[in-house]
Amino acid sequence: MLEKALKGSGKYWTLVGVLLVIITAGVLTYLRQLEQGLGITGLSRDVPWGFYIAQFTFMVGVAASAVMLVLPYYLHNFKAFGKMVILGEFLAISAVFSCMLFIFVDMGQPMRVTNVMLFPTPNSPMFWDMLSLFGYLGLNAVIAYVTFGAERKGIPPAKWIKPVIILSIPWAVSIHTVTAFLYAGLEARAFWMTAILAPRFLASAFASGPSLLILLALVLRRFTKFDAGDEAIQKLGQIVTYALAVSIFFFAVELFTVLYSDMPSHVSHLEYLFQGLEGKSALVPWMWTSQVLVVGALLTLLFPSNRKREGSLALACAAVIVGIWIEKGMGMIVGGFIPSTLHEVREYAPTGPELMITLGVYGIGALVLTVLYKIAVGVREETES
Amino acid sequence: MSESRRQFLKIAGVSLAGAGCALPVARALASSAGKTPDGKQWAMVIDVGKCLEQEGCTACFDTCHAAHNVPSIDDIRHEVKWIWKEQYEHAFPEQAHAYTQTDLKGKPVAVLCNHCERPPCTRVCPTKATWKRESDGIVMMDMHRCIGCRYCMAACPYGARSFNFRDPRPFVDGMHDNFPTRTRGVVEKCNFCAERLAKGEQPACVLACQKQGARALAFGDLSDPNSEVRRILETAHTIRRKPGLGTNPNVFYVV
Amino acid sequence: MYDGGKIVMGLAAFIALAAFPVWYANASDESDQKPDLVLPSNETECIESTEFMRASHMDLLDDWRDAVVRDGEREYVATNGRKWDKSLSRTCLGCHGSRQQFCDECHNYLGVDLTCWQCHVAPEGN
């Protein structure tokens, strides 16, 4: 099936070329980071996790969101998703892969990263995170290969793939739950130590992931013959709406617990994010923008007429993605570290090299996605002709 | 292929996969041995009053950082410190209040890794590059194994850990070969001078405080009822940092 | 064969890439100088025999670092019963002197990079 990615139009090769340029720039910057250390980023003793881990957290959600297609289609025979499922699985592969890359570029001693496997530590959520991410990557790769390969041959897939697909459903939930558990079990970080963190992660994932899928499906429909189908896109739009509503509700619930109990050690993080603390307010405009985007998107998506119109649907989806990316990425990660454990407000901002490396990783993820989607488009065109 | 041969191959394949997983699991289980019955627990008592008598004294941090080739980096983002002074309100946020006694308000207090009894940092480390030693209760760092993920830094409630954001060597004044430096990309922190304790010596900070005169740092084995730390704890009023978190720090402060 | 030119080019590129460690290491001058070891003046025997050290000094150092850091075990009892402190800088380099005169001689020739000295401080001289 890989040969489908080797033949393409000028637009395809231009896209690949642009991505390769971005990736090269990112790799060269990363080599500089390897040489000089993580000091070229904006990370600090008080904020040891920043932009890279924020991207990882967001992309894990995108990866998990494939389950929103897999569950209705494979478990409940929702035929309308039939054409779109492969897009979800391929997105999951690309997203998980970029997650792993983001973790890799964040490591101080990346050459030793295999120590996590050589010295398994079951009491560490990071150990389980490694297992679940690798497992999810493997699962989706196998599922995509077997089901899509069978579709190409026009035969039903081998029977043993069904239990594997069923396994991928709780596994998808688990990868994002484990990621939440990285944060939610730390008594040192009051901002994160809440049971609702995992549900918040999942809800925002199921809003932002399918939003991205909708956008990708619309793009494919515009530039190729791959049509996921109006019913599928509309159904996904409904899923995004519900998930977004739940996600906003979960945030409201968190707001109540923190603000009503009025414990300074808990409130201070929200205060820093939304009002500024001790005169430091770098993230305030970002957080409010994120809320406006997310609430605005919900109000738009609540009306079916808005979802039916491609333009407003696309805009709302973009707003969901950006809004949740800000809230979950920078807001949640950096907000947990400011104020510090010693109650000092020391701000964080990503540096140029940090952003370039991030772009490079996204470039690799986008390249993987481009190649996989090219294969999907190519095979679909073949089977439908 | 006949059905029985296919069955055999399936079972063989699954068994091999299972056996492959067994080794790391067995190793993980084996390493979780129980605490030895005569295990020590090193602890420190810092007499804040005595320390403050020597105004402007920096003997403990200077000696510690010199003994361990700790770099002095001006950029506060990349600071590396094993023991340092923190304002009372920042070191004890749960105890300080608007009407804190004048001889403590805004005063500097020495803080370091507390070598907690229930350390959250060792709980989260994915490689056991940091762990609590059973023999003496020290929360150790294995610089060879650390992958620099900084999870322990996120987990420490006391800000006790530093990361080498760059090569520390250019910033080490008076580098010597009695102790290694670290390299970029690993986390470091106070190790209760494990290398000196192994030779029966006291930690560098404790000795420095004795030499410089304040005699504010006491060090000893918490499990030994006759140790100096136990004697002080029995009679003096002591507090610990963030006690509500349940980490059970082994650094006590006489206030 | 079809696309013969592309295949041959691809093969050539692959072989060049795969053999990179070999030709890159040999390109440096250091790899031409055979090791010229300066043996210590204060001891005649290493902690173990030369054959053992040649074959297993890396494993020995690995064992030592786990023993010292993880188990707190600092005393090494050699096969001849003699006791040593498990220390790279003080025991090994205590006799062998500078890393340039000893460790680097063989390691540069073989192109095996050492990470020890990123942290461990090598004493100069002797």
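Conventions used here
Residues numbered from 1 in each chain as written. Chains lettered and ligands numbered in written order. Predicted model: local features only at pLDDT ≥ 70, side-chain atom pairs only at ≥ 80, totals over all residues. Helix = DSSP H or I, 4+ residues; strand = E, 2+ residues; numbered from the N terminus. Rg over C-alpha atoms; globule rule 2.2 N^0.38 Å. Buried ≥ 20, exposed ≤ 12 C-beta atoms within 10 Å, placed from the backbone. Contact = placed C-beta atoms within 7 Å. Nonpolar A, V, L, I, M, F, W, Y, C, P; charged D, E, K, R; others polar. Axes fitted to C-alpha atoms, helices over the stretch in contact; angles between N-to-C directions. Left-handed = near helix turned anticlockwise from the far one by under 90°. Pairing = 2+ DSSP bridges. pLDDT = per-residue confidence, 0-100. Core = buried A, V, L, I, M, F, W, Y, C linked by C-beta atoms within 7 Å. Expected span 1.5 Å × (residues − 1). Parallel < 35°, antiparallel > 145°, perpendicular 65-115°, else oblique.

Draft legend 1. Region of the structure containing the overall build of chain C. Scanning chain C for helices and strands turns up six helices and two strands. For chain C, the succession of helices and strands along the chain, N to C, is α-α-α-β-β-α-α-α. For 126 residues, the compact-globule estimate of 2.2 N^0.38 gives 14 Å, and chain C exceeds it by more than 25% at 21 Å. Expressed as a percentage of the 126 residues in chain C, the buried residues total 11%.

Draft legend 2. Representation of the overall build of chain B. Assigned secondary structure in chain B consists of nine helices and 10 strands. C-alpha extents for chain B along the principal axes are approximately 90 × 45 × 40 Å. When the 255 residues of chain B are sorted by exposure, 45% land in the buried category. The contacts in chain B between residues at least 6 apart in sequence include a share of 64% that link residues at least 24 apart.

Draft legend 3. Structural context of the interface of chain C and chain B. Across the boundary between the two partners, chain C contributes 12 residues, which contact 15 residues of chain B. Counting residues per element, the ones that place at least two in the side of chain C that touches chain B are α3 (50-71) and α6 (116-119) of chain C. Considering every element that reaches the side of chain C that touches chain B, the biggest residue donor is α3 of chain C, with three residues. Residues of the side of chain C that touches chain B, tallied by class, amount to five nonpolar, four polar and three charged.

Draft legend 4. The interface of chain B and chain A, seen in detail. Counting residues at the interface gives 39 residues for chain B and 34 residues for chain A. Counting residues per element, the side of chain B that touches chain A draws most heavily on helix α6 (residues 151-155) of chain B, which supplies four residues. Counted by class, the side of chain B that touches chain A contains 21 nonpolar, eight polar and 10 charged residues.

Draft legend 5. Geometry of the environment of S281 of chain A. Residue and element names in this part refer to chain A. In this structure, S281 sits in the loop between α10 (264-274) and α11 (284-301). Overall, the presence of 17 C-beta atoms within 10 Å leaves S281 in the partly exposed class. Sequence separation between S281 and T147 is 134 residues; the distance between their C-alpha atoms is 50 Å.

Draft legend 6. Here's a closer look at helix α8 (residues 204-212) of chain B. Residues and elements named next belong to chain B. The complete set of buried residues in α8 reads A204, C205, V206, A208 and C209. The inward-facing, buried residues of α8 contact α3 (59-67), β2 (83-87), α7 (194-197) and β8 (217-221). Two residues or fewer after α8 comes G213, characterised by a positive phi angle close to 110°.

Draft legend 7. Inspection of unusual backbone geometry at higher detail. Omega for the bond connecting I338 of chain A with P339 of chain A falls within 30 degrees of zero, at 0°, which places this linkage in the cis form. Within the secondary structure, P339 of chain A sits in the loop between α13 (310-337) and α14 (352-384). The backbone phi angle of K242 of chain B is positive, close to 45°, even though this residue is not glycine. For K242 of chain B, the location among the structural elements is in the loop between β9 (238-239) and β10 (251-254).

Draft legend 8. Structural context of the packing of α11 of chain A against α13 of chain A. All names here are of chain A. Two elements in contact, α11 and α13, have axes separated by 8 Å at closest approach and are oriented at 145°. The element α11 and its partner α13 pack so that their crossing is left-handed. Within the contact between the two elements, α11 uses W286, M287, T289, S290, L293, V294, G296, A297, T300 and L301 and α13 uses S312, A316, A319, V320, V322, G323, I324, I326, E327, M330 and G331.

Draft legend 9. Just the sheet that holds β8 of chain B, in detail. Residues and elements named next belong to chain B. Taken in spatial order, the four strands make up an open sheet running β8-β1-β10-β9, and their pairing is mixed. Pairing within the sheet leaves two strands with one partner each, and these edge strands are β8 and β9. Bridge count between strand β1 (residues 42-47) and β10: four bridges; the pairing is parallel. Across the sheet, V45 pairs through a bridge with F252, a residue of β10. Its contacts with the sheet put helix α9 (residues 228-235) on β1, β8, β9 and β10, and the angle it makes with β8 is roughly 115°.

Draft legend 10. Local environment of the confidence of the model for chain B. Across chain B, the average pLDDT comes to 91, with 92% of residues at 70 or higher. Across residues 31-36 of chain B the pLDDT falls below 50, and counting only partners more than four positions away or on other chains, this stretch makes three contacts in the model.

Draft legend 11. Fine view of the arrangement of the chains. In this assembly two pairs of chains touch, with chains A and B having more contacts than any other pair. Between chain A and chain C there is no contact, and the shortest C-alpha to C-alpha separation is 12 Å.

Draft legend 12. The nonpolar core, seen in detail. In this structure, A63, F90, C99 and V320 of chain A together with I46 and L217 of chain B are the most contacted members of the largest nonpolar core, which totals 187 residues. Setting aside chain neighbours within four positions, we find A63 of chain A in contact with A92, A95, V96, C99, Y136 and I175 of chain A.

Draft legend 13. A look at helix α4 (residues 85-106) of chain A. With 22 residues, α4 of chain A extends 32 Å between its outermost C-alpha atoms, agreeing within 8% with the 32 Å of an ideal straight helix rising 1.5 Å per residue. Buried residues dominate α4 of chain A, accounting for 20 of its 22 residues.

Draft legend 14. Representation of the confidence of the model for chain C. Residue and element names in this part refer to chain C. Confidence along chain C averages 85 in pLDDT terms, with 94% of residues attaining 70 or more. The secondary-structure element of chain C with the lowest mean pLDDT is helix α2 (residues 20-27), recorded at 80, while helix α1 (residues 4-18) shows the highest, at 92. Confidence metrics for the complex model read pTM 0.91 and ipTM 0.94.

Draft legend 15. Representation of the packing of α10 of chain A against α13 of chain A in the model. Residues and elements named next belong to chain A. Where α10 meets α13, the axes come as close as 9 Å, and the angle between the chain directions of the two elements is 125°. It follows that α10 is oblique to α13 by the angle criterion. Pair α10 / α13 crosses with right-handed handedness. Mapping the contact onto sequence places H269, Y272 and L273 in α10 and G331, G335 and G336 in α13.

Draft legend 16. Expanded view of the environment of V124 of chain B. In this fold, V124 of chain B is placed in helix α5 (residues 120-124). Spatially, the C-alpha atoms of V124 of chain B and S162 of chain B are 16 Å apart, while their sequence positions differ by 38 residues. With sequence-adjacent residues up to four places away left out, V124 of chain B is seen in contact with S124, P125 and M126 of chain A together with Y151, C152 and A155 of chain B.

Draft legend 17. Structural detail: the pairing of β1 of chain B. Residues and elements named next belong to chain B. Taking burial as the measure, the six residues of β1 include six buried ones, the bulk of the element. Every second residue of β1 is oriented toward a common face, with W42, M44 and I46 on one face and A43, V45 and D47 on the other, all of them buried. Here five bridges tie β1 to β8, and the two strands are oriented antiparallel to one another. Each bridged residue has a counterpart across the sheet, and for I46 the counterpart in β8 is L217.

Draft legend 18. Summary view of the environment of V377 of chain A. Residues and elements named next belong to chain A. You can see V377 is positioned in helix α14. Taking the C-alpha atoms as reference, V377 lies 23 Å from Y136; in sequence the two are 241 residues apart. Setting aside its immediate chain neighbours within four residues, V377 contacts L220, T224 and F226.

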